[in-house]
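Structural features, examined
Okay, here's what each chain looks like letter by letter:
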Amino acid sequence: MAAIIEAQGLQKHFGKFQALRDISFTVNAGEVVGFIGPNGAGKSTTIRVLLGIIRGDGGQATIFGRNVWQERLAIHPRVAYVPGDVALWGNLTGGEIIDLFIKLHGGGDKTKRDELIKKFELDPRKKAKSYSKGNRQKVGLIAALSVPADLYIFDEPTSGLDPLMEMVFQEEVEQIKAAGKAILLSSHILSEVERLADKVAIIRQGKIVETGTLDELRHLTRSTVRLVAEQDPHDLATLRGVYDFTQKGAQVTFSVDNSALNTVLRAVTTLGVKKFEVVPPTLEDLFMRHYED
Amino acid sequence: MNEKFALWTVLLRQYLKRDWRKIVIWVLGLGLFASAYVPAFKEIAKGSGLPTMYTTMKNPAMISIVGPTPIKNAADYTIGAMYGQEMLLFCGLFAMIVAALHVVGHTRKEEDFGLTELVQSFRVGRQANSLAVIVETIFINLLLALLTAGVMVSFRVASISLPGALLFGGALGLAGILGAALALLFAQIMPTSGGASGATLGLVGLLYVVRAGTDVSNVTWSWFNPLGWLYLTFPFTDNNWAPLVYGLLVSLVLVVVAFVLEGRRDVGVGYLPERAGRATAKSGLLSVPGLFLRLNRGTIISWMVALVLLGMAYGSIYGDMQSFLESNALMKQMFAATHTSIEASFTSTIIVVLVDLAAILPIAIVNKLFTEETRLHLSQLYVTKVSRRKLYWTNVSLALVAGVLGVALAAGSLGATALAAIGATSKMTLFDFLAAGFSGWPVVLFVTGLAALALGWAPRLGKIAYLYLGYSFALNYFGGILNLPDWFTKTAVQTWLPRLPVAQFNGPTFATITVLGIVLLVLGDLGYQRRDLI
Ligand SMILES: Nc1ncnc2c1ncn2[C@@H]1O[C@H](COP(=O)(O)OP(=O)(O)O)[C@@H](O)[C@H]1O
Ligand SMILES: [Mg+2]
């Protein structure tokens with residue numbers, strides 16, 4: 001697999017404030033990488049360093065094997081980008097802005113453009129000043145999805161979109177992925193990343209704290225177990241790797257390190273199990289674990 | 001009053017309470033502006049000022065700007081006559097525009113924000129709001145009329161009588177009422193509040209231009225122009241009250257029509273449908289130059305118009321220069337001694353003003369790129385095949401082209417008008433004017449370079465180019481008078497350049513400043529390549 005984006009120890013200061021401390025991750029061809037973290041964690045800053053809009057002051061990054069700052073001109077025509085805050089010229093219509101972007105990007109697919117306008121239910125004849133946030137976002141997305149690219153970078157793409165339009169966006173992302181393109185998708189909405197992403201990189205205060213496939217990450221964390229048994233299960237609470245043990249009537253609930261699952265299983269078989277449920281961690285749990293402290 | 005207007009007095013009281021600060025500023029500001037220049041006019045009138053002004057104000061160029069006077073010979077031109085001619089139309093326009101914007105603001109704009117529906121969900125009548133607003137505006141304009149008249153007579157100038165002052169104030173008030181009535185009408189017709197104010201202001205502008213033509217060619221036609229009704233009252237001279245009556249009648253008709261139209265339409269929509277924009281872009285927009293031209297179009301056009309008008313205004317003075325010289329022996333000697341004509345001397349001074357004004361536009365265009373950057377309009381465009389170099393140089397080129405055009409239009413309109421005003425006796429040609437203008441071109445290039453340097457390295461300092469321009473303009477002007485040290489005046493780039501047509505063109509200086517300007521542009525580019533964009 002060829003690395004499309006490769007970031008190694010990226011840093012960025014704004015004056016004295018260090019927005020990026022240590023950003024390392026890779027995006028390979030055919031991969032959707034979710035880039036998640038709360039507001040202010042440094043997602044947009046990372047993306048803007050990667051796009052050569054601002055210059056990182058430590059570490060290094062390449063896209064298509066080229067330096068993101070020095071060789072940005074060679075990189076940009078192969079990248080489609082939608083910024084987090086799509087701001088448009090109020091006096092131009094949505095249609096005009098989309099056309100302008102497509103042309104300046106180097107040309108695109110006219111039928112694709114029209115099809116996307118229809119799918120996203122955008123009125124292209126309206127002046128941009130009358131668009132809502134969601135509609136501005138649509139203009140940015142339609143423009144970016146209409147041009148040919150090998151790498152797509154979306155910064156919080158669905159903020160302001162209603163759920164129906166979010167679905168349209170997800171379909172589009174799946175198509176791009178199927179075509180073997182690479183996608184970097186930043187978000188603080190976990191469910192959307194969970195649905196689309198093969199890999200996630202979790203960023204916190206300018207640092208990547210976790211990367212990997214969703215499965216790998218789940219493995220690192222705890223599952224939730226709900227259990228009803230004939231005998232009293234409270235001894236389980238003392239096992240290594242078991243946490244948050246609560247008992248409510250006959251049912252007990254606890255979380256368990258995935259690495260300790262086997263020990264727990266062996267212990268419960270002796271209790272006369274009536275009900276046993278294991279819920280794998282959601283990304284939400286994963287996320288919370290990194291942020292709770 | 002029927003239920004359509006239910007509770008309108010409540011709304012009126014609300015408005016008066018809410019707007020009182022605005023009303024005070026409006027009435028005092030406009031009223032004093034219209035009336036308090038009487039002492040200044042008294043100064044002008046001293047000595048042989050009045051007959052001189054009379055000649056100046058008989059100039060068609062001046063008439064087209066301020067309007068005519070009924071006075072037939074210079075001896076009858078009083079302070080009052082002069083005041084009426086020079087101030088009434090101008091102040092009336094202000095009164096009209098302020099009133100129009102106020103009415104649109106309280107009617108369609110509130111509809112667009114959805115406030116109207118909120119108010120109407122109480123027991124307020126559907127049309128109570130419009131009635132309240134129009135009554136409020138009439139009340140404000142009556143105050144304005146009385147204040148203006150009162151202040152004017154308080155200066156105790158013989159030719160400014162009470163009836164004349166009341167008529168002057170009344171005409172001002174009428175202007176406001178007419179503006180309000182027009183705005184109320186357009187508020188019903190146009191699809192948005194922006195459209196309503198645009199249409200009103202556009203119509204007022206059109207009427208102004210039309211009356212400029214009819215005033216010069218045949219004043220009778222101006223009687224058919226609502227703007228004409230302001231100054232055709234001729235306060236302090238003919239004191240004709242008839243135009244006020246016409247104006248009030250027409251305002252009444254406009255308001256009634258507006259109410260009928262409003263009664264038949266839905267909240268938030270006008271009679272004209274909202275014009276849909278283009279679904280696809282014209283090819284003219286689809287390039288970086290096309291985009292930048294579009295973004296700066298309004299600014300460029302308005303600057304060009306302003307420069308042409310200014311050139312014409314200054315140019316129209318040339319006709320009176322010889323007669324001025326005839327009446328002033330000292331000046332005549334002075335010009336004879338220096339072997340320059342008064343026209344050439346005046347040109348060399350005024351051209352600096354025009355070139356400096358023309359230099360503002362390129363600075364504005366260069367700074368616009370950073371404005372676009374801070375508004376995040378360009379974020380998505382950064383990641384296309386468009387390079388930073390392309391953005392920078394397209395922007396700079398547009399600024400320079402606009403600068404060339406500005407200098408050409410300002411100097412050209414000055415020259416053309418001047419030559420027309422002087423007539424066949426002129427020793428100057430249009431080329432002399434253009435040469436004088438373009439001999440100042442390095443100034444434009446230099447300040448554009450300063451702005452570009454800021455854009456590249458410290459974009460938040462973009463205003464510095466304006467500051468420098470203002471500073472050097474002032475220094476250039478007062479330097480000679482105040483006898484400042486040479487090194488100090490030389491910090492103003494204008495002082496390096498000889499002033500044509502009085503002085504000789506200096507090639508090396510021209511070239512030096514030009515090169516300096518180009519160096520600044522290149523340095524700016526280096527910074528723009530390197531810095532973080534927003
Ligand atoms: N141009 C800038 N100047 C100063 N601070 C900035 C700038 N851009 C971002 N920051 C700061 O850097 C941090 C990361 O911001 P950002 O990358 O926008 O976060 P995210 O996109 O994850 O919400 C925030 O604390 C933000 O205030
Ligand atoms: Mg962000």
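An unreviewed UniProt entry annotates chain B as ABC transporter permease originating from Loigolactobacillus jiayinensis.

For chain A, the name recorded in an unreviewed UniProt entry is ATP-binding cassette domain-containing protein, with Loigolactobacillus jiayinensis as its organism. UniProt's Sequence similarities (unreviewed entry) comment on chain A is quoted here verbatim: "Belongs to the ABC transporter superfamily."

The helix and strand inventory of chain A stands at 10 helices and 14 strands. Taking the principal axes of its C-alpha atoms as reference, chain A extends roughly 70 × 40 × 35 Å. When contacts within chain A are restricted to residue pairs at least 6 apart in sequence, those whose partners lie at least 24 apart make up 69%. Accessible area for chain A stands at about 13,000 Å²; split by element, carbon and sulfur atoms hold 50% of it. The distance from the centre of the 37 positive side-chain charges to the centre of the 37 negative ones in chain A is 6 Å.

Let's shift gears to the nonpolar core. F25, F154 and L184 of chain A are the most contacted members of the largest nonpolar core, which totals 148 residues. Sort the elements by how many residues they give to this core and helix 16 (residues 342-374) of chain B lands first, with 16 residues. Filtering out sequence-adjacent residues up to four positions away, F25 of chain A remains in contact with I5, E6, A7, F35, T46, L50, L184, A201, I208 and T211 of chain A. In terms of nonpolar packing, the next biggest core, distinct from the first, is built from 78 residues, M53, L93, A180 and A187 of chain B among them.

Bringing a positive patch on the surface into the picture now. Side chains of R125, K127 and K129 of chain A together with R275, R278, K282 and R297 of chain B sit close together on the surface and give a patch of like positive charge. With respect to the element layout, K127 of chain A can be found in the loop between helix 4 (110-119) and helix 5 (133-146). Looking at K127 of chain A, the relative accessible area reads 35%, which means it is partly exposed.

Once that is clear, we can look at the interface of chain B and chain A. The parts lose accessible area when they come together, and the size of an interface is often stated as this lost area. Of the residues lining the interface, 34 residues belong to chain B; the matching set on chain A comes to 39 residues. Taken together, the two surfaces of chain B and chain A that pack against each other cover about 3,100 Å², and 62% of this comes from carbon and sulfur. There are 2 salt bridges connecting chain B and chain A. Linking K12 of chain A and D532 of chain B is a salt bridge whose minimum nitrogen-to-oxygen distance equals 2.5 Å. On the surface where chain B and chain A come into contact, there are 17 residue pairs in polar contact (both at pLDDT 80 or more). When residues of the side of chain B that touches chain A are traced back to their parent elements, those giving at least two are helix 13 (288-315), helix 17 (379-382) and helix 23 (507-530) of chain B.

Turning our attention to the packing of helix 13 of chain B against helix 18 (residues 388-422) of chain B. All names here are of chain B. Between helix 13 and helix 18, the least distance of the axes is 8 Å, while the angle of their chain directions is 20°. Relative to helix 18, the element helix 13 lies roughly parallel. The hand of the helix 13/helix 18 crossing is right-handed.

Here we take up the site of ligand 1. Residues and elements named next belong to chain A. Around ligand 1, the structure places F14, F17, A19, P38, N39, G40, A41, G42, K43, S44 and T45. Separating an oxygen atom of ligand 1 from a backbone N or O atom of K43 is a distance of 2.8 Å. In the environment of ligand 1, an oxygen atom lies 2.7 Å from a nitrogen or oxygen atom belonging to the side chain of S44. Considering ligand 1 on its own, with 560 Å² of exposed area, one finds that the protein chains cover 61% of that surface. Where the shell around ligand 1 is concerned, the elements lending two or more residues are strand 2 (17-28) and helix 1 (43-50). In terms of residue count, the dominant contributor to the shell around ligand 1 is helix 1 (3 residues). Residues of the shell around ligand 1, tallied by class, amount to 5 nonpolar, 5 polar and 1 charged.

Tracing the backbone shows R388 of chain B in helix 18. Within the buried core, R388 of chain B has no salt-bridge partner, and the shortest N-O distance to an opposite charge, that of D532 of chain B, equals 6.1 Å. In contact with R388 of chain B, not counting residues within four places along its chain, are G52, I53, W69 and R72 of chain A together with Y528, Q529, R530, R531 and L533 of chain B.

What follows deals with the sheet that holds strand 14 (residues 273-279) of chain A. Residues and elements named next belong to chain A. One open sheet accounts for 4 strands, arranged 12-13-11-14; its pairing is antiparallel. Bordering the open sheet on either side are strand 12 (242-248) and strand 14, each of which pairs with just one other strand. For this sheet, the mean inter-axis angle between neighbouring strands, taken without regard to orientation, is 15°. As defined by bridge partners, strand 11 (residues 222-229) adjoins strand 14 across 6 bridges and the pair is classed as antiparallel. The partner of A229 across the bridge, within strand 14, is V273. Against the sheet, helix 9 (residues 261-268) contacts strand 11, strand 12, strand 13 (251-257) and strand 14, and its axis sits at roughly 150° relative to strand 13.

Turning our eyes to something else, we now look at the confidence of the model for chain B. Residue and element names in this part refer to chain B. Put simply, chain B has an average pLDDT of 88, and 94% of its residues get 70 or more. Mean pLDDT across the elements of chain B bottoms out in helix 7 (residues 115-120) (65) and peaks in helix 20 (residues 441-457) (97). Both scores are available for the predicted complex, with the pTM at 0.74 and the ipTM at 0.84.

So, on to the pattern of salt bridges. One pass over the structure, following the stated rule, counts 19 salt bridges over all chains. One salt-bridge network, in which partners are shared between bridges, spans D99, K110, R113 and D114 of chain A.

Before going further, it helps to spend a moment on unusual backbone geometry. With omega at 0°, the peptide bond leading from L500 of chain B into P501 of chain B counts as cis. Following the sequence through the fold, P501 of chain B ends up in the loop between helix 22 (486-489) and helix 23.

Residue and element names in this part refer to chain A. Counting buried positions along strand 8 (residues 182-187) gives 6 out of 6 residues, so the element sits mostly inside the fold. In strand 8, alternate side chains face the same way, and those of A182, L184 and S186 on one face and I183, L185 and S187 on the other are all buried. Pairing between strand 3 (residues 32-36) and strand 8: 5 bridges, direction parallel. Considered in strand 8, the bridge of G34 is made with L185. In terms of strand pairing, strand 7 (residues 151-155) meets strand 8 through 5 bridges, oriented parallel. Following the sheet pairing, Y152 is matched in strand 8 by I183. Remark: the strand 7/helix 6 (residues 163-178)/strand 8 crossover connection has right-handed handedness.

Calculation notes
- Residues numbered from 1 in each chain as written.
- Chains lettered and ligands numbered in written order.
- Predicted model: local features only at pLDDT ≥ 70, side-chain atom pairs only at ≥ 80, totals over all residues.
- Heavy atoms only, no water.
- UniProt positions renumbered as here; feature names shortened; annotations may be inferred.
- Helix = DSSP H or I, 4+ residues; strand = E, 2+ residues; numbered from the N terminus.
- Contact = heavy atoms within 4.5 Å.
- Areas by Shrake-Rupley, 256 points an atom, 1.4 Å probe, with all protein chains shown as cover.
- Lys, Arg positive; Asp, Glu negative; His and termini not counted.
- Charge placed at Lys NZ, Arg CZ, Asp CG, Glu CD.
- Core = buried A, V, L, I, M, F, W, Y, C linked by side-chain atoms within 4.5 Å.
- Buried < 20%, exposed > 50% of the residue type's maximum accessible area, 1.4 Å probe, protein only.
- Patch = residues over 30% accessible without salt bridge, like charges linked within 9 Å, V, L, I, M, F, W, Y side chains within 5 Å.
- Salt bridge = Lys/Arg side-chain N within 4 Å of Asp/Glu carboxyl O.
- Buried area = accessible area lost by both parts, 1.4 Å probe.
- Polar contact = N/O pair within 3.5 Å; in protein donor to acceptor, adjacent residues only side chain to side chain.
- Axes fitted to C-alpha atoms, helices over the stretch in contact; angles between N-to-C directions.
- Parallel < 35°, antiparallel > 145°, perpendicular 65-115°, else oblique.
- Left-handed = near helix turned anticlockwise from the far one by under 90°.
- Near = heavy atom within 4 Å.
- Nonpolar A, V, L, I, M, F, W, Y, C, P; charged D, E, K, R; others polar.
- Pairing = 2+ DSSP bridges.
- pLDDT = per-residue confidence, 0-100.
- Right-handed = clockwise from strand over helix to strand, strands pointing away.

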